Amino acid sequence: MSSRIIIACLSLALLFSCKGNDDDENLNIVNFGNEQFKLYRGYSHKFSDALPTGATPYVLALLGEGVSYSTDAGKFTGTGALITAYFYSENSAEIKNGLYTVDIFSQKGSFTVDSCKVFYNYDFAADTGRVYSIKAGTFDVYNLGRLMRYKIDIQTADFIHFLGDFKGTIDPM
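Cut-off values and rules
- Position numbers for residues count from 1 along each chain, tracking the sequence in the order it is written.
- Per-residue local features are limited, in this predicted model, to residues with pLDDT of at least 70; the limit for side-chain atom pairs, both in listing and counting, is 80 or more; totals at the level of whole chains, interfaces and linings are taken over all residues.
- Calculation of side-chain values draws on the structure's entire complement of heavy atoms; hydrogens and water are dropped beforehand.
- Secondary structure elements are defined from DSSP: runs of H or I of at least 4 residues count as helices, runs of E of at least 2 residues count as strands, and each element is numbered from the N terminus.
- Residue burial is assigned from relative accessible area. The probe radius is 1.4 Å, only protein chains are included, and a residue is buried under 20% of its type maximum, exposed over 50%, and partly exposed in between.
- Residue contacts are counted whenever heavy atoms from the two residues lie within 4.5 Å of one another.
- Areas reported as accessible are Shrake-Rupley estimates using a 1.4 Å probe. Residue values count occlusion only from the protein chains shown.
- Here the aromatic set is Phe, Tyr and Trp, taking the six-membered ring for Trp, and pairing holds for ring centres within 6.5 Å; pairs whose planes are under 30 degrees apart are stacked, those over 60 apart are edge-to-face, and all others are tilted.
- Here the nonpolar core consists of buried residues drawn from Ala, Val, Leu, Ile, Met, Phe, Trp, Tyr and Cys, with membership extended through side-chain atoms lying within 4.5 Å.

Participant: Go over the overall build of the chain, please, and point to the residues and values.
Facilitator: The helix and strand inventory of the chain stands at 1 helix and 11 strands. Listed by position from the N terminus, the elements making up the chain come as α-β-β-β-β-β-β-β-β-β-β-β. The 173 residues of the chain split such that 38% are buried. Residue pairs at least 24 apart in sequence account for 51% of intrachain contacts in the chain once pairs closer than 6 positions are excluded. Total accessible area computed for the chain in this model is approximately 9,700 Å², and 53% of it derives from carbon and sulfur atoms.

Here is the structure:
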């Protein structure tokens, strides 16, 4: 083979190998029905020590554009989207990697989620907008070091399906 063909083949191989499994253009987007919102930041805190089930509860909030969190006031402000939930981890230091299932019976076992809500076009000052209570689905959690990734596949009792992905920092509340 000529050196030009080898260089061309290597260039193509490099081009395709650099395109990872993640389409960055689809990261941080949550789709539902004909609508979508973009997530940009996350907050979390350990809610309490381990429960009798052995799981440690954490509150997680994934903020959409237009929503902020005031650590001083301990509340959300602005108008936009927000996903909140309690995650029950078998790790007392963080939300551990794994597949977490929405538990509508609030058994609070390891690798479950409850009290999950999605706020959409929600004005936190006026307390208006849409709030969806989540009754089924999963969050797939990946700890990537400084970044966390949450693959979101959840739905309401009347089958409104939220499908998306968050990859970003999770700051303390």
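That was the structure; now back to the text.
Participant: Describe the packing of aromatic side chains, naming the residues involved and giving the relevant values.
Facilitator: One pair of aromatic rings is described through two measures. These are the centre distance and the angle between the planes. Counted under the stated rule, the structure contains 17 aromatic pairs. Plain terms: the ring middles of Phe-47 and Tyr-86 are 5.2 Å apart, the flat faces sit at 85° to each other, and that makes the pair edge-to-face. With Phe-47 in the loop between strand S2 (35-46) and strand S3 (56-64) and Tyr-86 in strand S5 (residues 75-89), this residue pair connects regions lying 39 residues apart in the sequence. Among the residues examined, Phe-47 registers a relative accessible area of 48% and is labelled partly exposed. Site record: aromatic cluster; members linked through ring pairs are Tyr-43, Tyr-69, Phe-76, Phe-119, Tyr-122 and Phe-124.

Participant: Residue-level account of the environment of Val-141, with values.
Facilitator: With respect to the secondary-structure elements, Val-141 resides in strand S8 (residues 128-144). A relative accessible area of 1% means that Val-141 is categorised as buried. Along the backbone, Val-141 and Lys-151 are 10 residues apart, and their C-alpha atoms lie at a distance of 6.7 Å. Setting aside anything within four residues of it in sequence, one finds Val-141 in contact with Phe-87, Ile-95, Lys-96, Asn-97, Gly-98, Tyr-100, Met-148, Arg-149 and Tyr-150.

Participant: Tell me about the side chain of Ser-44, residues and numbers included.
Facilitator: Position of Ser-44 relative to the elements: it lies in strand S2. Apart from the residues within four sequence positions on either side, Ser-44 is in contact with Tyr-58, Val-59, Leu-60, Ile-95, Ile-170, Asp-171, Pro-172 and Met-173.

Participant: Any chance you could break down the nonpolar core for me, citing the residues and the numbers?
Facilitator: Residues Phe-37, Ile-83, Phe-87 and Tyr-150 are the most contacted members of the largest nonpolar core, which totals 29 residues. Setting aside residues no more than four positions away along its own chain, Phe-87 makes contact with Thr-56, Pro-57, Tyr-58, Leu-60, Ile-95, Tyr-100, Thr-112, Val-113, Phe-139, Val-141 and Tyr-150. Formed by 10 residues, the second largest nonpolar core is a distinct cluster that contains Tyr-43, Leu-63, Tyr-69 and Tyr-122.

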